[in-house]
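In case you want the letters, here they are:
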2 protein chains.
Amino acid sequence: MKNSIKILILLFSTVGIFSCNKQQDKNNEGQSGALASNAAERVYVAPGEYDEFYAFISGGFSGQLSVYGLPSGRLLKVIPVFSQDPEKAWGYNEETKPMLETSHGFIPWDDAHHPDISQTNGKLDGRWVFINGNNTPRIAKIDLTTFETTEIIEIPNSAGNHSSSFVTENTEYVVAGTRFSVPIPQRDMPIKDYKGNFKGALSFLSVDPESGRMDLKFQIIMPGFDYDLSHPGRGKSHGWFFFSTYNSEEANSLLEVNASQNDKDFIAAINWKKIEEYVNNGGGKKVPAKYAHNIYDDETHTATSTMENEVTVVDPTEVPGAIYLLPTPKSPHGCDVNPTGEYIVGNGKLSADLTVHSFSKMINAIENKKFDGEAYGIPILRFEDVLAGTVKQAGLGPLHTEFDDKGNAYTSFFISSEVVKWKVETQEVIDRQPCYYSVGHVMIPGGNSAHPFGKYVLAMNKITKDRYLPTGPEVTQSAQLYDITGEKMQLLLDFPTIGEPHYAAGIPADIVRENSRKIFKLSENKHKYATISNGDARVERDGNEVHIYMTMIRSHFTPDNIEGVKVGDKVYFHVTNHEQDYDVPHGIAMIGANNSELLIMPGQTETFVWEPKEVGVWPFYCTDFCSALHQEMQGYVRVSPKDSNVPISWSLGE
Amino acid sequence: MKNSIKILILLFSTVGIFSCNKQQDKNNEGQSGALASNAAERVYVAPGEYDEFYAFISGGFSGQLSVYGLPSGRLLKVIPVFSQDPEKAWGYNEETKPMLETSHGFIPWDDAHHPDISQTNGKLDGRWVFINGNNTPRIAKIDLTTFETTEIIEIPNSAGNHSSSFVTENTEYVVAGTRFSVPIPQRDMPIKDYKGNFKGALSFLSVDPESGRMDLKFQIIMPGFDYDLSHPGRGKSHGWFFFSTYNSEEANSLLEVNASQNDKDFIAAINWKKIEEYVNNGGGKKVPAKYAHNIYDDETHTATSTMENEVTVVDPTEVPGAIYLLPTPKSPHGCDVNPTGEYIVGNGKLSADLTVHSFSKMINAIENKKFDGEAYGIPILRFEDVLAGTVKQAGLGPLHTEFDDKGNAYTSFFISSEVVKWKVETQEVIDRQPCYYSVGHVMIPGGNSAHPFGKYVLAMNKITKDRYLPTGPEVTQSAQLYDITGEKMQLLLDFPTIGEPHYAAGIPADIVRENSRKIFKLSENKHKYATISNGDARVERDGNEVHIYMTMIRSHFTPDNIEGVKVGDKVYFHVTNHEQDYDVPHGIAMIGANNSELLIMPGQTETFVWEPKEVGVWPFYCTDFCSALHQEMQGYVRVSPKDSNVPISWSLGE
C-alpha cells in the first residue's frame, strides 16, 4: 500500500515532465493557416468594440479579484479585496483600513479562491460577486455597480476557508466551509490528539435580499475532515448544499501520504432548509466567537469594522435527517451540481473515474433508511444506492466540472492536463482537449447556475513554463479559452493572468453593464471630512493633529500653499475630488509619506496621513495625468521645528 | 493675457468632450471587414507562440513595472519595484523590506514613470531596466536575467524625480532631475520666498559596467525651475544631456496659471563629460545628505539598506562652458533626441508647433558665444541660432516624440488625441492617427537609442471612458498599438493596462530571452537562514524569538507539526524551496499572520514573521497549486500560553 502511494506521489511530482511533452504536439493545436486566422478573428475585439462577457477571475494568492473581458482576455480591472493595493490606497487610506481588520488584527493579504455571482431564481442577476479569503477565513462581497469591495465578514471556528463562497439559487445564503479542522473552540492541545478532537465548521451566511448585507446565521460543527469544495442544490435539490471532504482519515501530518489511505471519502449533503428551520425555532447553541464584520458605505466613502462576539453552532446529531454522507472515491476535490439539480459530480482527485451521484436516488435512499454505518453520528449512505453512474477512465487527476445549457459537462484533469466534455445523462465522453498545462478549475459563464451560457469554457492553468516569453524564475499563470458551441471544443486563446487564476465567475456583459456607476455625486457625499465647497477648504490644528480640508479640480488643489505644520505633527489630508465627469479621477501624493497615494474618483473624499520628520518645504502633486496642465497641479507644505510659532495658514494663487 | 490663459485652461479641461466626439468616428478606425481581420491576425499570437517584443510599461501611480508582450498586448508579469506587493511578499518579507527603506523611513509606494533599458554603443543590450520613483525621489534597477528589482538608490536634494531615469549610450550614467525645486539643503522658510531661493538638482548616477552598481556621482544645483524630462545626446552629441524645464517664472502657487506666463522656457544642455572631468579632478563640494542605497543580493536572496551621508554638488557657474539654456516655446514637456544625435525636439505643451533644435547649430553658437543674456549665471543661447526648424500646427498639446529607423519622428498630442508622424530632416507632417483618448507618451522599441526597431508605435493613453466594458467609476487606462511599417500608421489593437501606462521601453525579445534564469541553484543559496538539507530542518528558540528552518518540496513541508511556540513569541518562518525544476514555486501562509504569503522560487529562501496572539492549534499551507496533492501540503503549529513549559519540538509524518 505504502509503495503504491509513493509511486502515485512520484507520478504527481512529475507533472512538469508530462506537461513538457505536450509542446511537441503544437501542430495539433489547430493554430496554423486558416484555422489560426479563424481563431484570431473570434477573439479579436476591435478597438472601440466591447467584449461579450465579464469574467471575474480570482487572483488566488494575490488576494484580489480581476475583471477580464471575454473573448479578448483583456484585463479591465484588478479589484482590491483581501490584499493591500498601494495603487488604489486600499488598506492604506483611513477610509479602507477598517476593511482589512480581523480578530487577529490588521492583515494585509489573503488567498482569494472562488468568486460566485448572486442569483435570482437560479439565474445570474449581476448584483454582487462573493469571494472567499482562504487563509484567514473571510467572505467578501463586491458591488457590481461600483466594482468595489463593500463588505468583508470573518468566519470564526474555521481555518482555510476553501469550500466557499458559493450561493444558493436565490442568494439566500453564501457558504463557507473549513478546509482544515481545528480545536473548536481553539485551545492549547497536542497536535497528535487531532483525531476525534479537531472539528470542521460549515458556515451559512444569510444575505439580505435588498441590501446584500451578510449575517453569519449558523455554523454546523462537523467531524474533523478537510472540507474541500461545495455547491448548492438547485431546482429539485434547492434547499440542500453539498460539500466534498478529504482526509476522512483525520491525519495531522504528511497528508500527501496519510490522507490518501481510504478508498473513499465523502460528499456531505446538508439540508440547510431543515437546519434553518431548526435554528429559527431556537435550535443550536450561541457560543462566544470573535470575528470582524467590515462594511464600506458608499455615501460616507468610509468603512467601519465591528467585532462580533457570538455565533450559533449546530451539532449535526441534534437535527436528525438534515445531514448525510455520500461515499465518494478518492479524496474528491470538486463537488459540482448540474443545472437541473439532479446530479452531483464528485471529482476524486486520486481517481481516473468521475463519480456522478443522483439527488433522486439519494432522497430515495434516505427515505428508505439505507444506511451503511455512521461517522460521529452522521448517517453514511451506501455508495451504490446514490450512484447515478461513472465516467470511466476519463483522464488523470479530475478536479472540477462545469456545465453548459445542452446537457454536457466539462471536467478538468490536472495530471493529464486536459478538459474532457461528457454527456451528463449517459456519462459518455464526447471530446477532450489538452490544456497547457495542469489545469485547475474550468469556468462556463453561468455554469454554476440553472441557466449556463454555453459559448466558451475557460481553463485556468497552473504551469506555463514555455507558453510565453520568459520572465525569470517566476512566470505567469494562464487561462485558455475554448469555443464550445460545436460538438468538438476548439482552443482559441492563451492569456496570462494576475496571480493564480484560481477560479472564475462569468456573466454576459449586458446584465452588468447598464448598472455600472460613472461618478459619485458630490452633493450626496456624506464623508465626515468632505469639502463640498471651495470656500470650506481650510487647515485646522487640533493638538498635534492637523486636518487639511482640500479640494481638487483640473488643474489645482485648494489650498496649494500651507504653512504652520511642525515636525511631530500628524497631518491628515482629507481630499475631495470636485470633478463630476466620468473618468476624471485625480491622485495626490506627498514626498516622504509612509503611505500610498490616494486615487480619488469624481465626487469622492479620501484621507491619508503624513507625519513629517524634518523641517523644510515639501511638495505634493496630482498622480493621475488629468489635463494638459497636470504637471502644474502641485503644492507645498512648510514644516517648521517642533517648537516653532509659525501659525497655521493656507492659500491658493496668492 | 490672463483672459487668454483662462481660455486655454478651459480648453484643456474639456479634453473629455473633445475625446468623446472621437467615438463617432469609429467607422474611420479601419476595423471593419477585411481590414479588421487583417489587424486581428497581426496581433494574434497563437497559443504556444511567442510575442516578438518585450514592452516594459511603467505602472505610473501603481509604482511597479509591467512586462507585456507585443504585438499581443498580453501582460506577462508585474515586477514589484517601489510599491508593496502582497502577492510576491515584496516589502513584506524580511528579505525585501530593506528595498523600500528611504531617508524618510519605510515607504510602501511610489509613482514610477520612465523605464529605460541599458545600452552599449547606443544599442539596447537588454541587461537592465532603470526606472524612476517620482514622489520620493529614487532610481531602481531591474535585472533582466531574473526580472527582479535588485537596486534602489534614493536621490537627495530632489523632489518629484520626473526627468529620470534615462541612460547614456554606454550606460555610463543614469540621470535624475528634480521636478519641483526646493530649498537646498532643506530648511524652514516661507514658501513665498521661493524665487531665487529654491533650487533644482540634476543628478548623475554612474553605473558600474560589470555589476551595474549605481553610485550618485554628482548633482548640479540649477535655478529653481521645474525640470520635466530629459534625454541623452548620442552619436555626435554623446557627452551631453538635455533637460526640459517649465515654470521658469519660478511661481509657487496656482501653477496652471502662474507657470504659463513666459512665452519661452528652456531646454538645459549639460555637457556631463566636462562636469565629470571637473569632479574627477576634485571639483564640486561634498555636502551632507541623507539617502538610502538598497541592494538585493541574488546569492543571499536578501536585501540590505545603507544610509549614505554625503553627496558632491556642482555649482554651474564654477564650470564655465558646461551648461547652456536653449529657449523653447511654451512649457516644453518632452525633450527627445533623434537616433543620430543631431536633433533635440522640444514639445512645448502649450504650443501647437514643435520646436526642433540642432546640436550642430548649438555647438556653433556656443563656439561663437552668441548669448542672449543669462539665468543665474548660466548663458542663454539665442532661439534662432539653435533652431533647426519647426513642425507647424501639427496638433494641440504636444507631449513626447520617439523615432523610427527611417528618419521619421512620432509625436503624441494630448489635447487633440493623436499621434503625428513627421520627417525629422524636413519637419514635414506625413501622417496622423487618432488616439482613444488623450495620449501621453508614445514608445517605439529602441526609440530612445541610436538603433530603433521601427515596426510598431505604442500610444499610452489617459482616458478610456467608452473603450471597454465599464468597471464602475474607476476605469482602466490603455495602450494602443499601431503598425508603422508603411507610410501610413495603422491602428491594430487597444489593450488595457495596469496602473497608468506612463511610459514604456521596448526591446526585441531575442535580446533578452536567452538570458532569462529558470531557477536559483539550491547549492548556491547563501541565505543566512537557508536549509539546504532536510536533515537541517529544525526549530530553535532564542528568547522570545522562534526560528523555524523549514523546507518545501512537492507536496509537504519539513517539519509540518511544530509545538512549543507561545503567545507573545515572534516566530520567524525561514522557508527554502527545494525544487530544482523550472516553474515550480511554492507558497506558504499562516492563518492570522499580519503579513503576506511567501511565494518562493526553486532554490530560494524567504522569511515571514508571525506573532501569534491566541493559544490554539493553527494551520499553515502551500498557497501555490503545485501538484495533485497540493491540498495536502499543510501543517500545524501549536501555540501555548505565555507561561507554558511545552518544549520546542517538530516532526514530519510521525
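Because the structure is predicted, anything quoted here is derived from the model rather than measured.

Cut-off values and rules
- Residues numbered from 1 in each chain as written.
- Chains lettered and ligands numbered in written order.
- Predicted model: local features only at pLDDT ≥ 70, side-chain atom pairs only at ≥ 80, totals over all residues.
- Heavy atoms only, no water.
- Least-squares fit on C-alpha atoms with pLDDT ≥ 70 in both.
- Contact = heavy atoms within 4.5 Å.
- Buried area = accessible area lost by both parts, 1.4 Å probe.
- Salt bridge = Lys/Arg side-chain N within 4 Å of Asp/Glu carboxyl O.
- 1 Å grid on protein atoms, 1.4 Å probe; cavity = no way out; pocket = protein on both sides within 12 Å on 5 of 7 lines; lining within 4 Å.
- Points joined across faces, edges and corners; volume = space filled by probe spheres on them.
- Helix = DSSP H or I, 4+ residues; strand = E, 2+ residues; numbered from the N terminus.
- Nonpolar A, V, L, I, M, F, W, Y, C, P; charged D, E, K, R; others polar.
- pLDDT = per-residue confidence, 0-100.
- Pairing = 2+ DSSP bridges.
- Axes fitted to C-alpha atoms, helices over the stretch in contact; angles between N-to-C directions.
- Buried < 20%, exposed > 50% of the residue type's maximum accessible area, 1.4 Å probe, protein only.
- Domains from an automatic or database assignment.
- Core = buried A, V, L, I, M, F, W, Y, C linked by side-chain atoms within 4.5 Å.
- Arc of directions from axis to C-beta.
- Phe/Tyr/Trp six-rings, centres within 6.5 Å; stacked < 30°, edge-to-face > 60°.

J.: Before we go on, may I ask you to explain the relation of the copies chain B and chain A in this structure?
T.: For the pair chain B and chain A, the superposition axis carries a translation of 0.0 Å, the fit reaches an RMSD of 0.0 Å, and the rotation angle comes to 180°. Expressed as an axis order, the relation between the two copies is that of a two-fold axis. No C-alpha of chain B lies nearer the rotation axis than that of alanine 40 of chain B, which sits 2.8 Å from it. Here 100% of the interface residues in chain B have copies in chain A that are interface residues too; the copies meet face to matching face.

J.: Help me understand the interface of chain B and chain A in this model?
T.: Where interface size is given, it is often the accessible area lost as the parts come together that is meant. Listed by partner, the interface residues are 166 residues for chain B and 166 residues for chain A. In total, chain B and chain A occlude about 13,800 Å² of area from one another, counting both sides; carbon and sulfur atoms represent 59% of this. By the criterion of area lost to chain A, the three top residues of chain B are Leu469, Pro473 and Gln631 of chain B, representing 6% of everything that side buries. There are eight salt bridges connecting chain B and chain A. Two residues, glutamate 632 of chain B and lysine 349 of chain A, come together in a salt bridge whose shortest N-O distance is 2.9 Å.

J.: Looking at this model, I keep getting lost on the layout of surface pockets. Mind explaining?
T.: Vacant regions in the atomic arrangement are exposed by a probe of water-molecule size rolled over the atoms. Residues and elements named next belong to chain B. Empty space within the largest pocket amounts to approximately 680 Å³. Along the wall of the largest pocket there are 31 residues; nearest its centre are Asn157, Ile184, Pro185, Gln186 and Pro288. Secondary structure elements with two or more residues in the lining of the largest pocket: β11 (182–183), β17 (285–297) and β18 (302–314). Looking at the lining of the largest pocket residue by residue, the class counts come to 18 nonpolar, six polar and seven charged.

J.: What is the right way to read the confidence of the model for chain A from this model?
T.: In low-pLDDT segments, the atomic positions of the prediction should not be examined closely. All names here are of chain A. Across chain A, pLDDT averages 94, with 94% of residues at or above 70. Predicted confidence is poor over residues 1–32, with pLDDT under 50, and the contacts of this stretch with residues over four places away or in other chains come to 52 contacts. Interface predicted TM-score (ipTM) for the complex: 0.95; the corresponding pTM is 0.96.

J.: Explanation requested: the sheet that holds strand β41 (residues 598–600) of chain B in the structure shown.
T.: The strands making up a sheet are joined through hydrogen bonds of the backbone, oriented either antiparallel or parallel. All names here are of chain B. As summarised here, the arrangement of the six strands in space is β41-β40-β43-β44-β38-β45, forming an open sheet in which the pairing is mixed. A single partner strand is all that each edge strand has here, and the edge strands are β41 and β45 (649–651). Averaged over all neighbouring strand pairs, the angle between strand axes comes to 20°, with direction disregarded. Here three bridges tie strand β40 (residues 586–590) to β41, and the two strands are oriented antiparallel to one another. Of the residues in β41, the one forming a bridge with isoleucine 588 is leucine 598.

J.: Teacher, can you tell me more about the sheet that holds strand β29 (residues 428–434) of chain B here?
T.: Residues and elements named next belong to chain B. Strand order in the open sheet formed by four strands is β26-β27-β28-β29, with antiparallel pairing between adjacent strands. The open sheet terminates on both sides in strands that have one partner only, identified here as β26 (398–403) and β29. Averaged over all pairs of adjacent strands, the angle between strand axes in this sheet comes to 25°, irrespective of strand direction. Pairing between strand β27 (residues 408–413) and strand β28 (residues 418–423): six bridges, direction antiparallel.

J.: How should I be thinking about the pattern of salt bridges in this particular structure?
T.: Per the counting criterion, the structure on display carries 52 salt bridges over all chains. In this structure, the salt-bridge partner of lysine 97 of chain A is glutamate 94 of chain A, at a minimum N-O distance of 2.9 Å. For lysine 97 of chain A, a relative accessible area of 31% corresponds to the partly exposed category. Glutamate 94 of chain A gets classed as partly exposed once you look at its relative accessible area, which sits at 26%. Linking arginine 432 of chain B and glutamate 418 of chain B is a salt bridge whose minimum nitrogen-to-oxygen distance equals 2.9 Å. Placement of the pair is arginine 432 of chain B in strand β29 and glutamate 418 of chain B in strand β28, with a sequence separation of 14 residues. The exposure class of arginine 432 of chain B is partly exposed, given its relative accessible area of 34%.

J.: Whenever I open this one, the domain arrangement of chain A confuses me. Can you help?
T.: All names here are of chain A. Looking at chain A, the domain boundaries give domain 1 (53–189 + 199–515) and domain 2 (522–651). Between domain 1 and domain 2, the C-alpha centre-to-centre distance is 43 Å. Facing the twelve residues of domain 1 at the interface are 16 residues of domain 2. Across the domain 1/domain 2 interface, buried area totals approximately 1,100 Å², and carbon plus sulfur atoms make up 46% of it. Put simply, domain 1 and domain 2 have zero salt bridges between them. Its residues assigned to classes, the side of domain 1 that touches domain 2 shows four nonpolar, four polar and four charged.

J.: Before we go on, may I ask you to explain the nonpolar core in this structure?
T.: One recurring pattern in soluble globular proteins is that nonpolar side chains are buried together. Of all hydrophobic cores here, the largest spans 103 residues; its most connected members are Phe204, Ile270 and Ile275 of chain A together with Phe204, Ile270 and Ile275 of chain B. Residue contributions to this core peak at four residues, all from helix α5 (residues 272–280) of chain A. Those residues in contact with isoleucine 270 of chain B that sit more than four places away from it in its chain are Leu202, Phe204, Ile220, Met222, Gly239, Trp240, Phe241, Phe243, Ile275, Ala322 and Ile323 of chain B.

J.: Just to check I follow, could you spell out helix α5 (residues 272–280) of chain B for this structure?
T.: Quick reminder: α-helices carry 3.6 residues per turn. Residues three or four places apart thus point the same way. Residues and elements named next belong to chain B. Buried within α5 we find Trp272, Ile275 and Val279. The buried residues of α5 occupy one face: seen down the axis, they fall within an arc of 60°. Pointing more than 90 degrees away from the buried face of α5 are the exposed residues Glu277 and Asn280. After α5 finishes, the residue glycine 282 shows a positive phi value of roughly 95°.

J.: Sorry if this is basic, but what is going on with the packing of aromatic side chains here?
T.: Given two aromatic rings, one states the distance between the centres and the angle between the planes to describe the pair. The final tally for this structure, using the stated rule, is 60 aromatic pairs over all chains. Plain terms: the ring middles of tyrosine 621 of chain A and phenylalanine 180 of chain B are 5.6 Å apart, the flat faces sit at 45° to each other, and that makes the pair tilted. Note that tyrosine 621 of chain A is positioned in strand β43 (residues 616–621) and phenylalanine 180 of chain B in the loop between β10 (173–177) and β11, a pairing that runs across two chains. For the pair formed by tyrosine 621 of chain A and phenylalanine 180 of chain B, the shared burial category is buried. A centroid spacing of 6.3 Å and a plane angle of 65° characterise the contact between phenylalanine 204 of chain B and phenylalanine 243 of chain B, whose relative ring orientation is edge-to-face. With a gap of 39 residues between them, phenylalanine 204 of chain B in strand β12 (residues 198–207) and phenylalanine 243 of chain B in strand β15 (residues 240–246) connect regions that are remote in the sequence.

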